[in-house]
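Observations on chain architecture
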Amino acid sequence: MQTTRHLWLPFTLLSFLLLSAISAAAASESASASPSTQFCTTSTKEDVNTDLCFAFASSHNETTDAKDLSLHLSARFPAPGTGWAGVGVGSMMSGSLMFVMYPSTSDDAVTFSIRTTTVHNAPVALSVSSLAGKNGPDVHVTRKWVDEGGYSNVLVSCFGCDKWSGSTLDVRSLNQSWIWAWNGKQVMSSASEKVGLQKHGDKGVALLDMSTSYSPTGPLPIAQVSDSRLSTPSKPKHHAHSAFGLVSIHGFVLSSSFLALSLGLVAIRSGLAKSFKYHWMIQLVASAFILLGCGMGIILTFKHGGRFHTTHQWLGLLLGLGVVVQSWLGWRHHVIFVKIGRRTAVSNYHVWVGRTLVVIGNVNVAFGLKLGHASRTKYMFWLSGVGLQLAVLIPMWYFWSRGKKIFDVIGGNEVMDGAERGQYEDAGVEEEAFLVGDEDDIELDEDHRLDDKKEDI
């Protein structure tokens, strides 16, 4: 008996050490595995009853050099056989790759559907083969089930999910946008993946820190909605868009530059002796900064996948090109004006392209704020800037149409109502700024004297 005790003690210690080692290894493996990034939302509003969670995990596929994504979508619908829930890549419906789930008549009681749409039309179903045929992502349903708590679940693997061209997916982003939608009323109970979806009763945009669930090497981790059904805290937006970060500088430079363009318009209509000089100097500096801001936007685009798919991006490219064209039109207008002493078609193009740039530029600042999920304070600053411009430009254009300039009104100078625009003693304004061409080319003949310049510059 004593011998048996002596043998039992070493065996117990050895077993304890072995179990400890196994537990430590398991804990280490669990700690090294990427946790899921999770978003959950609930609502007790009347006729809404939202109860939705979705979780992600991702990895880099060394074989395909693409980014793979694991998605777990979980929802509890208000009544059996009713409702649908969906989540999509990006910040808007148009172009988003959407993953939709609803009750089914199949054995697993859940139907999964891949969808997309244009503008705000109802999402249409996509087949796995059509996605793969367009060199898009390869989507596989790993499991569908209804758990004991009554939650419908679907687990999906999206291989090469970043290949989707409709919207940008950056699995390493600190603030990746995901749209989500919910309908708790529509009668579904269908095994068909193409059932038409009625309008959502609840929706939103979630900003998720995808970097916390990304694995740069190894197999694709499996996403799992936690039992707590609480959203994973994301890094605050200012971490990604700090005050001195490229995104913030890009926005500040462009919003300030378009405000400066309006100041240049005020300068040319001011009636000051050097109004033209002030005008071209302000517009030249503003245009240079606009091109600089557009360059920043292009850099940001390539840092986030290199895709131009938003209205903000395309308008930005158009504005950059427009500034170049506008600068050439302004120079050409000056050359011709100095020679013949009057406005031509080029002058009119310069005026209207300039006005268009100011309008589109201010609008595109708003699109940029939306794309960057800006705070209400930033929107208020933008609205204040637009309001200031309108408060100055609208009266300026009104008095200009009546033959008056800003300093005519401020100084109380009397100008007859209906006077033809441009009847001022400032016809030589452009010559005072700088001359273009040889003196022989600029010298006016008897038919084009300075005092014959009837049109406003």
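Note that the structure is a prediction, hence the values are computed from the model and not measured.

Looking only at helices and strands, the chain features 11 helices and 12 strands. Expressed as a percentage of the 457 residues in the chain, the buried residues total 44%. Look at the contacts in the chain between residues 6 or more apart in sequence, and 67% of them connect residues 24 or more apart. Summed over all atoms, the accessible surface of the chain reaches about 25000 Å², with 62% contributed by carbon and sulfur.

Judged by nonpolar contacts, the single largest core of 36 residues is most densely connected at Phe 54, Phe 56, Leu 69, Phe 99 and Trp 178. Contributions of two or more residues to this core are made by strand S2 (51-61), strand S3 (66-75), strand S4 (82-89), strand S5 (98-103), strand S6 (110-116), strand S9 (152-159), strand S10 (176-187) and strand S11 (202-208). Setting aside its immediate chain neighbours within four residues, Phe 54 contacts Thr 37, Gln 38, Phe 39, Leu 71, His 72, Leu 73, Val 87, Trp 178, Trp 180, Ala 206, Leu 208 and Val 225. Ranked by size, the runner-up nonpolar core spans 17 residues in total, among them Leu 261, Leu 357, Val 365 and Leu 393.

The end-to-end C-alpha distance of helix H7 (residues 345-371), which contains 27 residues, comes to 38 Å, matching closely the 39 Å that a straight helix rising 1.5 Å per residue would cover. Just past H7, the residue His 373 takes up positive phi, approximately 50°.

Once that is clear, we can look at the side chain of His 60. Topologically, His 60 is positioned in strand S2. A distance of 2.9 Å separates the side chain of His 60 from the side chain of Asp 65, its partner in a polar contact. In contact with His 60, other than residues within four places in its own chain, are Asp 65, Ala 66, Lys 67, Tyr 214, Ser 215, Pro 216 and Gly 218.

Turning to the confidence of the model for the chain, a few remarks are in order. On average, the chain scores 79 in pLDDT, and the residues at 70 or more come to 78%. When the criterion is pLDDT under 50, residues 431-457 qualifies, and its contacts beyond four places in sequence or with other chains add up to 55 contacts.

This part takes up the sheet that holds strand S7 (residues 124-126). One open sheet holds the six strands; their spatial order is S7-S6-S5-S4-S10-S11, and the pairing between them is antiparallel. This sheet does not close on itself; its edge strands, each paired only once, are S7 and S11. Sheet twist, expressed as the mean angle between neighbouring strand axes with direction ignored, is 30°.

Thresholds, definitions, all that
Residues numbered from 1 in each chain as written. Predicted model: local features only at pLDDT ≥ 70, side-chain atom pairs only at ≥ 80, totals over all residues. Heavy atoms only, no water. Helix = DSSP H or I, 4+ residues; strand = E, 2+ residues; numbered from the N terminus. Buried < 20%, exposed > 50% of the residue type's maximum accessible area, 1.4 Å probe, protein only. Contact = heavy atoms within 4.5 Å. Areas by Shrake-Rupley, 256 points an atom, 1.4 Å probe, with all protein chains shown as cover. Core = buried A, V, L, I, M, F, W, Y, C linked by side-chain atoms within 4.5 Å. Expected span 1.5 Å × (residues − 1). Polar contact = N/O pair within 3.5 Å; in protein donor to acceptor, adjacent residues only side chain to side chain. pLDDT = per-residue confidence, 0-100. Pairing = 2+ DSSP bridges. Axes fitted to C-alpha atoms, helices over the stretch in contact; angles between N-to-C directions.

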